[in-house]
Amino acid sequence: MSQFNGHSGCSVCLHPGERVQQGRGNIRVYPYNSRDHHLRTHEQTLLHATRAERTGKPVFGVKGVSPLLRVIKVPDKVLLDYMHLILAGEFLRRLNIWLNSQSESGFLSIVKEEVDSSMLEVKFPHDFNRKLRPLSELKRWKDRELQNLFLHASLPILKPHLPPEYFYHFALLVTAIRFLTADVITDRDIDLAKLLIRSYQRLMSSLYGESEETYTCHALTHLPDQVRKHGPLILHSSFVFEAM
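Residues numbered from 1 in each chain as written. Predicted model: local features only at pLDDT ≥ 70, side-chain atom pairs only at ≥ 80, totals over all residues. Heavy atoms only, no water.

Novice: Looking at this model, I keep getting lost on the overall build of the protein chain. Mind explaining?
Specialist: Looking only at helices and strands, the protein chain has nine helices and two strands in total. Counted from the first residue to the last, the protein chain has its helices and strands arranged as β-β-α-α-α-α-α-α-α-α-α. Taken against the 2.2 N^0.38 rule, which gives 18 Å for 244 residues, the C-alpha radius of gyration of the protein chain at 19 Å falls within 12% of a compact globule. With the C-alpha coordinates of the protein chain rotated into their principal frame, the extents come out at 60 × 45 × 35 Å. Of all 244 residues assigned to the protein chain, the portion counted as buried reaches 46%. For the protein chain, the proportion of contacts with a sequence separation of at least 24, taken over those separated by at least 6, is 59%. Counting only carbon and sulfur atoms, one obtains 52% of the accessible surface of the protein chain, whose full area is about 13,800 Å². (Helix = DSSP H or I, 4+ residues; strand = E, 2+ residues; numbered from the N terminus. Rg over C-alpha atoms; globule rule 2.2 N^0.38 Å. Buried < 20%, exposed > 50% of the residue type's maximum accessible area, 1.4 Å probe, protein only. Contact = heavy atoms within 4.5 Å. Areas by Shrake-Rupley, 256 points an atom, 1.4 Å probe, with all protein chains shown as cover.)

Novice: What exactly am I supposed to notice about empty space enclosed by the protein here?
Specialist: Per the counting criterion, the structure on display carries one cavity of 30 Å³ or more. Reported here for the largest cavity is a volume of approximately 50 Å³. Going through the elements one at a time, α2 (82-99), α3 (112-120) and α4 (143-158) are the ones with two or more residues in the lining of the largest cavity. Here the lining of the largest cavity gets four residues from one element, more than from any other, and that element is α4. (1 Å grid on protein atoms, 1.4 Å probe; cavity = no way out; pocket = protein on both sides within 12 Å on 5 of 7 lines; lining within 4 Å. Points joined across faces, edges and corners; volume = space filled by probe spheres on them.)

Novice: Got a minute to help me understand the packing of helix α6 (residues 187-208) against helix α8 (residues 223-230) in this structure?
Specialist: Packed helix pairs are characterised by how far apart their axes lie and by the angle those axes make with each other. For the pair α6 and α8, the least separation of the axes is 9 Å and the interaxial angle reads 160°. Taken as axis vectors, α6 and α8 run roughly antiparallel relative to one another. As α6 packs across α8, the resulting crossing turns out to be right-handed. Mapping the contact onto sequence places Asp187, Ile190, Asp191, Ala193, Lys194 and Ile197 in α6 and Pro224, Asp225, Val227 and Arg228 in α8. Among the residues forming the contact of α6 with α8, the class breakdown is five nonpolar, no polar and five charged. (Axes fitted to C-alpha atoms, helices over the stretch in contact; angles between N-to-C directions. Parallel < 35°, antiparallel > 145°, perpendicular 65-115°, else oblique. Left-handed = near helix turned anticlockwise from the far one by under 90°. Nonpolar A, V, L, I, M, F, W, Y, C, P; charged D, E, K, R; others polar.)

Novice: Sorry if this is basic, but what is going on with the packing of aromatic side chains here?
Specialist: Two aromatic rings are characterised by how far apart their centres lie and by the angle between their planes. One pass over the structure, following the stated rule, counts 10 aromatic pairs. Ring geometry for Phe124 versus Phe128: centroids 4.9 Å apart, planes at 0°, classification stacked. Classification of Phe128 by relative accessible area gives partly exposed; the value is 25%. Grouped by ring-pair contacts, the aromatic residues Phe91, Trp98, Phe150 and Phe170 constitute a single cluster. Positioned above the aromatic ring of Tyr208 is the side chain of Arg94, whose terminal nitrogen or guanidinium carbon lies 4.6 Å from the ring centre. Sitting over the ring of Phe239, Arg144 keeps its end group 4.1 Å from the ring centre. (Phe/Tyr/Trp six-rings, centres within 6.5 Å; stacked < 30°, edge-to-face > 60°. Lys NZ or Arg CZ within 6 Å of the ring centre and 35° of its normal.)

Novice: Whenever I open this one, the pattern of salt bridges confuses me. Can you help?
Specialist: When the charged atoms of two side chains lie near each other, side chains of opposite charge can form a pair. This structure, assessed with the given rule, holds 11 salt bridges. Residue Glu90 pairs with Arg94 through a salt bridge whose shortest N-O separation is 3.2 Å. With a gap of four residues between them, Glu90 and Arg94 both fall in helix α2, about one helical turn apart. Of the two residues examined, Glu90 and Arg94, each falls in the buried class. Notably, a salt bridge pairs Asp191 with Arg228, separated by 2.9 Å at the nearest N-O pair. Taken together, the positions of Asp191 in helix α6 and Arg228 in helix α8 put the pair 37 residues apart, joining distant regions of the chain. Accessibility expressed as a relative area gives 41% for Asp191, which makes it partly exposed. In this structure, a network of salt bridges that share partners links the residues Asp187, Asp191, Lys194, Asp225 and Arg228. (Salt bridge = Lys/Arg side-chain N within 4 Å of Asp/Glu carboxyl O.)

Novice: Which parts of the structure should I look at to understand the pairing of strand β1 (residues 18-22)?
Specialist: As a general feature of sheets, a regular strand has side chains that alternate between the two faces. In this sheet, strand β2 (residues 25-29) lies alongside β1 in antiparallel orientation, the contact comprising five bridges. From the neighbouring strand, Gln21 faces β2, where its bridge partner is Asn26. As consecutive antiparallel partners, β1 and β2 are separated by two residues, and within that stretch Gly23 has a phi angle of approximately 65°, a positive value. (Pairing = 2+ DSSP bridges.)

Novice: Quick question: what am I supposed to make of the side chain of His169 here?
Specialist: Examined against the element boundaries, His169 turns out to sit in helix α5 (residues 164-180). Under the relative-accessibility criterion, His169 is labelled buried at 2%. Contact partners of His169, with chain neighbours within four places excluded, come to Tyr200, Leu203, Met204, Leu207 and Tyr208.

Novice: Would you take a moment to explain the layout of surface pockets for this structure?
Specialist: In this approach a probe as big as a water molecule rolls over the atoms, and the regions it shows empty are the leftover space. Size it by volume and the largest pocket reaches roughly 290 Å³. Along the wall of the largest pocket there are 13 residues; nearest its centre are Phe128, Arg144, Gln147, Leu151 and His152. In terms of residues, the lining of the largest pocket owes the most to one element, α4, which gives five residues. Taken together, the residues that form the lining of the largest pocket break down as five nonpolar, five polar and three charged.

As far as function goes, none of this settles anything; it's purely spatial.
See below:
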């Protein structure tokens, strides 16, 4: 299939994406739409793959037939990974923007020492095997450290340093993912998480610009339904496989 930066690069739905100019080049973004795009089905993917083989051109982002299609339903059994999509993806992207002194949204660039001091004072329960490190070492952080900050400490630490509209926007994402990683999740929790994520996506371009409507941001749309089918995100993330 096409990658995230190709036409129809979403592996779950038929959102085609749009090319927008950035600097001297261009990037593919997935603008927010109040109406959901049609979801892919396995049968549909097989048809698209067969037609792509026959014509030599991608069909809705499907480039051809794979032997895996005989044993794995696509996209039902090819899941989005919470560790890469959220922690090393959307959350790390927000952090890097806030820390960038050249960015209009570089709110943390002038208060790094204050943020570091707050993070180093956090005392996690005994079963947390990683403490928080200074932001100057962010490039060396492990995904588990990003998770500890994102899920458990980010909101109280960042609230004094982000403008209200940016803080509450970020809180939408944190709260939604807290719902979707919980040990026990109800249908109401999933529905609420979906509303929070849609609000997060709807506000993205007005706060950060259209270039931030990335595939990573778009793919958040599909996490609630994935949880409804397969359980909490934490149980089918890359953390599980790396722990083995």
